[in-house]
Structure formats: C-alpha cells, structure tokens
Amino acid sequence: MPNINIFADEHILSPAEQTWKHYSSQQIAMAALWALGFLCFLMVFAPLIAPHEPDLRQAHLLLQPPSWDEQGTVDYFFGTDDLGRDVLSRLLYGLRLTFGNALLISFIALIIGTTIGITAAISRGLLSSTLHHIMDTALSIPSLLLAIIFISILGPGLDHSLLAILLASIPQFIRGVYLSVYQELQKEYIIALKLDGANNYRIIRYGVFPNIIETLVNLLTRAISSAIIDISALGFLGLGAQRPLSEWGTMLSGATDLVFIAPWTVVLPGLSILVTIFIINVVGESVRQSVIAGID
Amino acid sequence: MALLDIRNLTIEIETPQGILKAVDRFNLTLSDGEVRGLVGESGSGKSLVAKAIMGITKDNWRIRADRLRLGDIDLLNLTPVQRRRVMGKEIGMIFQDAAAHLDPSEKAGEQLAEAIPCDQFTGHFWNRFNWRKKQAIALLHKVGVKDHKKVMNSYPFELSEGLCQKVMIAMAIAKKPRLLIADEPTTAMEPKTQNQILRLLDKLNKLSHTTILLISHDLETVSLLADNMTVMYCGQMVESGTIDQVFNHTHHPYTAALLRANPDFSQVPHKGRLNTLAGQVPLLHHLPIGCRLGPRCPNAQKNCVITPPMKKVKGHMFSCHFPLNADELKGKKCQRK
Amino acid sequence: MSEKITDIAAEKRVQPLLRVENLGKIYINPTGFFKREEVVAVNDISFNLHRAETLAIIGETGSGKSTLARLLAGIIPPTKGHIYIDGCKLDDSNTDLRCRSIRMIFQDPETSLNPRTSVGQILDAPLQLNTDMSVNKRAEKISETLRLVGLLPEYATFYPPMLSSGQKQRIALARALILNPKIIIADDTLSTLDISLRSQMINLMLDLQKTIGISYIVVTHNMGLVKHISDKMIVMHQGECIEQGNTEQLFSRPTAALCGQILSNQYNMKKQSC
C-alpha cells in the first residue's frame, strides 16, 4: 500500500515555534520586545551614540535645563548636571553599568544556580541535606542586606558590589530550580524514561529541561529586576559604583540636593530605572505565559 | 417551566492550531427533580458543556448559545459578580478525582464548614457558637458518613477516594442548590465505592428533590440512576430521550454501538474478541464534514456528508439520515428541529 | 501429536518465562528520634509466568498490588526475593536485560507522556538507548509500531497535548512494544478509559498476544475483565498473597474465605445495586 501522508500540508509546530507564535500575537509583548531590543542596541553602541564624553565637565554650562525647556538647547538634550556633564551621555554609559551588569550577573547566576540546583535535585542523602540547609540559611537574609555584608568585608567599589550581588542571587536560582526539578522527577514520564534505560544526563536534558523552562524564565526575570535595583541601591548608598562613574544610582545620590533647582538630574535617572525594570518584567511575564500556553 | 434550558450551545476553543469547534449546537432541557444522564466518549465535549453551564471557562473558549437559562436567570448576560453568585448558590458541581479537587492544606471539616453560607443560620444569637460545625456534621450524616469525627479532622490525602467524593458532595449540597452537576463522579473507582456514591445521588434526588445532571462515559452506570439520557458524539448531540426509548428503541447507530460495546463477559468466549465500533474519535482538528460519525458508521451512505437535522418523535430526539428501528417511525408524526 | 503436547508441557515445567521467588518490600519510616517503623508493603510473593499467558493481580486499595507491579517493572528495588527471566537472575548488573524484556504501561495516559516531546521522540528514546539501529531503521521501526497499535505513522510528529486519551494510551502501549518485550505490565491502565476504548485496547492486546506471544501482568479491579483475559490470578490482601492459581478454578471454587468475599464483593455488587 503506498504510503500516503494525509497530514502533508499540515505543519506541526514545535514547542519553540508555538511559543513564538503565541508571543508575537500579543501587541504589548511585541512592543516591549522591541523596546528591549532598542535598549540592548543602545547599551552595545553607547560610545558611538553618546554625543559627549560622560566625564567632560564644562564649567560654563552648569545646570542647563533639558531641551524641551525654553532655556535648554538641543546639544545637551537632557540638560547638564551640577558639574556641567551631559546627562544624556551619562545615562547612556550608565545603561551599560546598571543594565548591562545586571544582565551579566543574572546570566552567570542562572548558569551556576541551575547547575547546583539540578545536582541537588538528583542527589540524595547527606549531600542533598547539606545543600538544603546552606541554601535555607542564605535565603533567609534579603539579597540587599547580604550584598551589604559582603561589601563591608570586601570594601566599596563597582566590582565588589557586582560580586556581592551575584553571590546573593544564586540561592534564589538554586531553590527555584531544585523545587522545579524535584517535582518533575516525580512525574510518570520521567519514570518511563528511567525504565527505558536513560542515564541521569539524558533524563535531565530531554525529560526535565523542556518542562522547567517556564520556571527558569520566571527566575531570570526576577533576578534581572532585582539586580538592577540592587546595583542602583548600592550605588545610591555609595557602596557600589563610586563617582565619577555614571551608574544610575550614583547619579541619583549625587543629585539629591538638586531636586528643586534642577529636577531633571533626579527624575531622569529614576525614570530610566523604572522604564528598564518595567520592560524587563513585561517581556519576562509574556515569555512565561507563551511558554505555558500550548500545554494548558 | 424547565429548570435548565439550553438551545444551540456552541463552544469554540482557540488553540495554536486554529479555532476548533468543540461543541456544536447542543440542546438540553432539564425539568425540576429530573435525573438526566449525559453520555459520551472522552473527547465528546460533555465536560465542556458542564463547565459552560457552571461558568468555569478558560480564557481561550468562546461560548455562544441561543438560550442558556437556569430557571428565569439568563446565564449568558450576567456580570462576573452575578455569575459567581449563581455559581455557588443555584448550581453545585462535583468532579471526577475528588481528592485532587479538595484543598490539600486544610482539613476536610474546615473546608466543609467554609462551604456553608451565612444566611442559612436560623435561631437566636446565642446559638451561633459552633453552628457551622454542627451543620457540617449534619451534612456528613446526610451523605452517609458515620464516623464524622475522623473525617472532620483528616486532611484530604488521608481519606479514601469514596470518602473524599462524599465530602465533595456534602460541600456541593451545603448551599441547597437546585441543580447538581456530577462530572464523572465514579470513574476509576472501585465497584463497591461506585455503588455507594450512586445510591447517595439517588437518595439526594428523591429526598431533597435536587435535579441531577450525571455525566459519564458508562451507559450502564447512568441507566441505573437516570430517568432520561442524552448521548453525545464529537460535540454533537446524537440521541436523547427516556431510558426506555434510548435503550429499547434505539434510533442512532452510535447509541446502538455503545450499547453493544458494553462487554457482557459471561457471553463472550475466554480471550475472544469484544464488540467495538471500528476506528477512533476524530481529533478536533480533523473533523469530518456532515455527520461526524460518518467514517465509522456501519450504515454510512452518500447522504451522510450532509449534517443530519435533529428529528423529534414523542420526546425522543435523534439526528440520523438512516435511523435504526425505522419501521417504528413510519406512521408517527415526525417533528423537525 | 501427543508427544508435541507433552513436549510443550515439559518445556513449560522446565523453563517458565518469568519466575518470582519470595519477593518482598519493606518501607522503613522514621517515627520519632530513634524509633523506626517498618511497613510491609509486599511480603513473600512467588509465582511463575509462561509465554503468551496473562496474570491478573487483584485486591482492594492498599493491598500492595501497585507496589508489586512496580517491583516487577524495576521502578523500586525489592528488599528481598529474586526475579528470574528465562532462568537469568535480574539484578543491578543486567538492567538492560530488564529494560528489553519487561516493559510497563502506566495508569494515567495524561501524565505518562512528556508533553514537550513529540511522539516520535518518545518512541525513539528506548530504541536509541537499548539498540544500535541507524536513524533510518529507527524511523522504520517507529512507523511499524505505530501501525501495529492502530495509529497512522504521521502521528510521530504530533505532540501529546494534541491527542485524545485513547490515542495517548495507544502511544504508551507502542512505547512498551517497541523493544519487542516478552512481558508487559499494565498497572490499572484500562480503568480511566471509556468502554469502547477499553474494548478496543483489550482486543489489541489479545491480538498481540496471539501473534507475537507477549505475556501480560494486569493489575485491575474489574472482575469481568479479569475473568475474560487472564489465565492465572493472584489475590492480594494487605501485602500478602492470600490466593493464587488458575482463574477459572478460583472463580468457581475459591478456597480462602476472604478471597471469596473479595471476588463476590467486586463482581456482583453492580448487579445488586439500585
């Protein structure tokens, strides 16, 4: 009998394609994705786009209002701060410092945390118990406080603050991944895979991993938002990026006494933090919903 | 007046593969105090109908109907707040896997006490103390649980499936609803427990005059309890009538096949073939045009590519171009719907 | 002719396909600081199973029949006892022999298939792990197995959420069949299906038994089913085997009083109801 494929004209979408189809059908999600792309573009090409040097002090241009004000000029689009530095250029370089570093830390924490979480979920007995207790202790302290403790040992500075925040974000990943993987391992299709003779690597890679992507997306979104806030907070407190680095938190701390004379020096960095976190959350939540859309 | 009146209910589901019509022009009329069975294979859409009546729908469902009335309440045009009020008070629902539908972190007694509405309290204010607990114990006795202390103090995972189902029934009748929808309450249960639950539902219907819509895939179970029956296939209603009409004067080939498929193991030889309808229920993405039973029906002919209209003879409804027992229909007045 | 029959009988006496001796499982639960409680889930089960035979394990809930099924499949290790396949003892060193000879179908088809892998990938995994067939040969084997369970080969590209539960159960059966096992364990697989699907699955399983000669171990509480498809039967109660032997004999003349009670409870209940 000739093999007639009656489903030839039907293309069955793989889970990744289904996710993309669901995601791209939502306008807000797509707008947020474009905005995120724009931010990443600005982050990568900041030195080329910024009109001035972020450290260039111009004594005759102190506290210039932004361009939409009658006294402002287009040359200094967002105005200047109290040392005559262009706010727009400082924001763009600060995008690298705050957002770029947050992304970097979160991805490193993702990789380390996922590895340890999966190892913890597969292991039994003493190792599992030890990891559990260490994690529970680490998780009971809020991440910012933990970061401050690390900084007090290591000393202030951007590098030290990044290391501290990295160490503080890892336990969240470990815990979330461990719970997720542990639940998956109880499911019957994993038992079936074990009965097929799969070793642990195969079970994790092909059986568990496609089903925990939703958890990973959720954790990553929260980690990036949290990292942005922590970096800015440490910069604001003077424990993170030190002046004259144009990290957004540091910019805020330097401008607190100018809030009535030159509000743009305070509002603009704050708005940047808000908008960035908002975009990250919208994209992350939409991706998470698209990932679980087909299964429900 | 009919308690539940459904006319031309259509449910469409949006999936990544497109919009699928899961239930197509479904009709149902329930009168007060009746027990009706809704029978169909898994995938026939009967659970969807129950959920549409109850109002627990997912975001990607689109529900359209000419009429969806409960008594004098029009269920289609309610605001969410009004819907929630109707949901708990007028309609009760029990589900298949009882233990999974109870809150695992709360004791059964507490959940049952929570389900009792405030306005049922009658009496003086000094009687208010602990009245919920007493009411809960009374409900448990009503559903046939003798050892109420043990059940009240246990978590759902500690109770057997029969007890969990009884607790769920008690929670459903706590608000004295007019209609009780039972969505496959006894599937995958042991026969002894099944019989207990069915006897309980029968008692509820006879004593409290509760209308019951019993959904199941097992014709036998339904026939023990119900007065009337509706058979669904692939989202369409194929036959409906009293038990006697459907069992003894079957008109639709699908109903006949379902009746035959019930294996009577005493008559089939050991390890012999059982009677089944060939083929499988088509996937929602690939529904046949016209009569959906067409590809599997042993009596299918060329006309079956046109959807058969619903015909009604003395309260017995069926939709088939070439009905079985056709000689009974000759000479009878046939209403087309 | 009579020599042939005695030969087969002799062969049966000599080498059963599956031999289980004194299989037992004890769970140790810590209760309190230094106390331990031993829960006996299964105790001292022994039986033989020959080719193309069906064994039914029945009992009430909590009698240990699911635990016994899992012990046989290899999901949980036994505390004592041995399992022999074709005379070969099963232990940690020959897990692949077990994988290839005994396969299992789970109760709930909704949760026994990974929703994110396609049917083809689900069926490919056991082939990749246990045989060294080339990619083309594996694809051929998958198509052949799908046809054997009554599904079109094109279903290999579908994902489980798109299928109905009857089709999912067939895929589970295909997954069990694809390694040409000698024994298939069905842990209460038919109770969640509708009547017509159940009958179709039973017909399919019986056909396979006739053509390929697979033995089945069926755990169920449907007595009619037990009477129809099984040759031998084990009745369990609280972890102990209270009765075992030929199905027909046990139905007509149960020796243990408890066994008779269980049988009549579950079989005749329906007739007496309402």
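That block above? That's the structure.
Bear in mind that the values here come from a model prediction, so they are computed numbers and not experimental data.

Analysis parameters
- Throughout this document, residue positions are counted from 1 along each chain, in the order its sequence is written.
- All chains are assigned letters beginning with A, and all ligands numbers beginning with 1, in the order in which they are written.
- Predicted model: local features are reported for residues with pLDDT of at least 70 only, side-chain atom pairs are reported and counted for 80 or more only, and whole-chain, interface and lining totals are derived from all residues.
- Secondary structure counts use DSSP, requiring at least four H or I residues in a row for a helix and at least two E residues in a row for a strand, with both numbered from the N terminus.
- Here exposure depends only on C-beta density: within 10 Å of a residue's C-beta, 20 or more other C-beta atoms make it buried, 12 or fewer make it exposed, and intermediate numbers make it partly exposed, the C-beta atoms being placed from the backbone.
- Remark: residues whose backbone-derived C-beta atoms lie within 7 Å of one another are considered to be in contact.
- Gly is placed with the polar residues, together with every amino acid not listed as nonpolar (Ala, Val, Leu, Ile, Met, Phe, Trp, Tyr, Cys and Pro) or charged (Asp, Glu, Lys and Arg).
- Any two strands with at least two DSSP bridges between them are considered paired.
- Place the viewer so that the strands point away; then a crossover is right-handed whenever the path from the first strand over the helix to the second strand goes clockwise.
- Connectivity within a nonpolar core runs through C-beta atoms within 7 Å, and the core itself is a set of buried Ala, Val, Leu, Ile, Met, Phe, Trp, Tyr and Cys residues.
- Note on method: axes are straight lines fitted to C-alpha atoms, helices fitted across the in-contact stretch only, with angles between N-to-C directions ranging 0 to 180 degrees.
- The scheme is simple: roughly parallel for angles under 35 degrees, roughly antiparallel for over 145, roughly perpendicular for 65 to 115, oblique for anything else.
- Left-handed describes a crossing whose near helix is turned anticlockwise from the far helix through less than a right angle; right-handed describes the clockwise counterpart.
- Comment: arc refers to directions from the helix axis out to C-beta atoms.

A.B. asks: Explain the overall build of chain C here, please?
C.D. replies: Looking only at helices and strands, chain C features ten helices and ten strands. Expressed as a percentage of its 274 residues, the buried residues of chain C come to 45%. For chain C, contacts bridging at least 24 residues in sequence account for 68% of all contacts bridging at least 6.

A.B. asks: What exactly am I supposed to notice about the interface of chain B and chain C here?
C.D. replies: Interfaces are often sized by the amount of accessible area the parts lose when they come together. Residue-level contacts link 33 residues of chain B with 29 residues of chain C. Looking at the side of chain B that touches chain C, the elements that each hand over two or more residues are α7 (191-208), α8 (219-225) and α10 (253-261) of chain B. No other element matches α7 of chain B, which puts six residues into the side of chain B that touches chain C. Split by residue class, the side of chain B that touches chain C holds 14 nonpolar, eleven polar and eight charged.

A.B. asks: When you look at the pairing of strand β8 (residues 215-219) of chain C in this model, what are you seeing that I'm missing?
C.D. replies: On any regular strand, side chains alternate: one points to one face of the sheet, the next to the other face. All names here are of chain C. Among the five residues that make up β8, five are buried, leaving the element largely enclosed by the rest of the structure. Bridge analysis of strand β3 (residues 54-59) against β8 gives four bridges, and the strand direction is parallel. Bridged to L55 within β8 is I217. Regarding topology, helix α7 (residues 195-212) serves as the crossover connection from strand β7 (residues 183-187) to the parallel β8, and that connection is right-handed.

A.B. asks: Even after reading the chapter, I still don't get the nonpolar core, so can you show me in this structure?
C.D. replies: Nonpolar side chains in soluble globular proteins tend to be buried together. Core analysis: the largest hydrophobic core is formed by 135 residues, its most contacted members being I57, I185 and I217 of chain C. Ignoring anything within four residues of it in the chain, the contact list for I185 of chain C reads A69, L72, A73, I102, M104 and I217 of chain C. L102, L163, M168 and C234 of chain B belong to the second-largest nonpolar core, a separate cluster that totals 84 residues.

A.B. asks: Honestly, the interface of chain C and chain A in this entry has me stumped. Any pointers?
C.D. replies: At the junction of the two partners, chain C supplies 24 residues and chain A supplies 21 residues. Within the residue set of the side of chain C that touches chain A, elements represented by two or more residues are α3 (95-101) and α4 (119-130) of chain C. No other element matches α4 of chain C, which puts four residues into the side of chain C that touches chain A. When the residues that make up the side of chain C that touches chain A are grouped by side-chain class, the tally is twelve nonpolar, eight polar and four charged.

A.B. asks: Just to check I follow, could you spell out the environment of A121 of chain A for this structure?
C.D. replies: Residues and elements named next belong to chain A. As for its placement among the helices and strands, A121 is situated in helix α4 (residues 87-122). The buried category is assigned to A121, around which 23 C-beta atoms lie within 10 Å. Taking the C-alpha atoms as reference points, A121 and I174, separated by 53 residues in sequence, lie 9.7 Å from one another. When near neighbours in sequence (up to four residues on either side) are disregarded, A121 contacts Y178, V181, Y182 and L185.

A.B. asks: Just to check I follow, could you spell out the sheet that holds β3 of chain C for this structure?
C.D. replies: Each strand in a sheet pairs with another by means of backbone hydrogen bonds, the pair being arranged parallel or else antiparallel. Residues and elements named next belong to chain C. On the basis of which strands lie adjacent, the open sheet formed by six strands has the order β6-β7-β8-β3-β9-β10 and mixed pairing. The sheet is open, and its two edges are formed by β6 (102-105) and β10 (240-246), each paired on a single side. Across this sheet, the average inter-strand angle for adjacent strands is 15°, counted without regard to direction. For β3 and strand β9 (residues 232-237), the ladder comprises five bridges, and the chain directions are parallel. What sits directly across from G59, in β9, is M236. Contacts between helix α6 (residues 165-177) and the sheet are confined to β6 and β7, with β6 contributing the most and set at about 170° to the helix.

A.B. asks: So what exactly am I meant to see when it comes to the environment of A65 of chain B here?
C.D. replies: Residue and element names in this part refer to chain B. Turning to its location among the elements, A65 is positioned in the loop between β4 (61-64) and β5 (67-70). Using a count of 20 C-beta atoms within 10 Å as the deciding quantity, one classes A65 as buried. Spatially, the C-alpha atom of A65 lies 9.9 Å from that of D24, the residues being 41 residues apart in sequence. Not counting the four nearest positions on each side in its chain, A65 is found in contact with I6, R7, N8, L9, T10 and L76.

A.B. asks: Any chance you could explain the packing of helix α2 (residues 27-44) of chain A against α4 of chain A here in plain terms?
C.D. replies: Any two packed helices are characterised by how steeply their axes cross, that is the angle between the axes, and by the distance between the axes. Residues and elements named next belong to chain A. At a minimum axis distance of 8 Å, the contact between α2 and α4 shows a crossing angle of 110°. As summarised for this structure, α2 and α4 are arranged roughly perpendicular, according to the angle between their axes. Classified by chirality, the crossing of α4 by α2 is left-handed. For the pair α2 and α4, the contacting residues are L39, L42 and M43 in the first and L92, L95, R96, F99 and G100 in the second. Tallied by class, the residues present in the contact of α2 with α4 amount to six nonpolar, one polar and one charged.

A.B. asks: Mind showing me how you'd approach the sheet that holds strand β2 (residues 36-49) of chain C here?
C.D. replies: All names here are of chain C. With antiparallel pairing, the four strands of this open sheet are ordered in space as β2-β1-β4-β5. In the strand order of this sheet, the two ends are held by β2 and β5 (88-89), each with one partner. Alignment of strand β1 (residues 18-30) against β2, held across ten bridges, turns out to be antiparallel. Paired with N29 across the bridge in β2 is E37. Against the sheet, helix α2 (residues 65-73) engages β1, β2 and β4 (80-85), with an angle of about 65° to β2.

A.B. asks: Quick question: what am I supposed to make of helix α1 (residues 15-24) of chain A here?
C.D. replies: Because an α-helix completes one turn every 3.6 residues, residues spaced three or four positions apart along the sequence face the same direction. All names here are of chain A. Residues of α1 that are buried include every one of P15, Q18, T19 and H22, and no others. The arc that holds the buried residues of α1, viewed along the axis, is 100°, so those residues lie on one side. Facing away from the buried side of α1 by over 90 degrees, the exposed positions are A16 and S24. On its buried face, α1 sits against α9 (200-237) and α11 (264-291).

A.B. asks: How should unusual backbone geometry be read in this particular structure?
C.D. replies: Negative phi is the rule for most residues except glycine; trans is the rule for most peptide bonds. With omega at 5°, the peptide bond leading from R243 of chain A into P244 of chain A counts as cis. One non-glycine residue, H209 of chain B, lies in positive phi territory at about 60°. Within the secondary structure, H209 of chain B sits in the loop between α7 and β9 (211-216). The class for H209 of chain B is exposed, based on 10 C-beta atoms found within 10 Å. Of note in the backbone geometry, C234 of chain B takes a positive phi value of approximately 55° without being a glycine. Mapped onto the fold, C234 of chain B is located in the loop between β10 (228-233) and β11 (236-242). Using a count of 24 C-beta atoms within 10 Å as the deciding quantity, one classes C234 of chain B as buried.

A.B. asks: Looking at this model, I keep getting lost on the packing of helix α7 (residues 158-185) of chain A against α9 of chain A. Mind explaining?
C.D. replies: Residues and elements named next belong to chain A. In contact at an axis separation of 10 Å, α7 and α9 are set at 160° when each is read in the N-to-C sense. As the angle between them shows, α7 and α9 are arranged roughly antiparallel. Judged by the twist between their axes, the crossing of α7 over α9 is right-handed. Here α7 contributes S161, I165, S169, Q172, F173, G176, V177, S180, V181, E184 and L185 to the contact with α9, which in turn contributes V208, N211, I212, T215, L219, A223, S226, A227, D230, I231 and L234.

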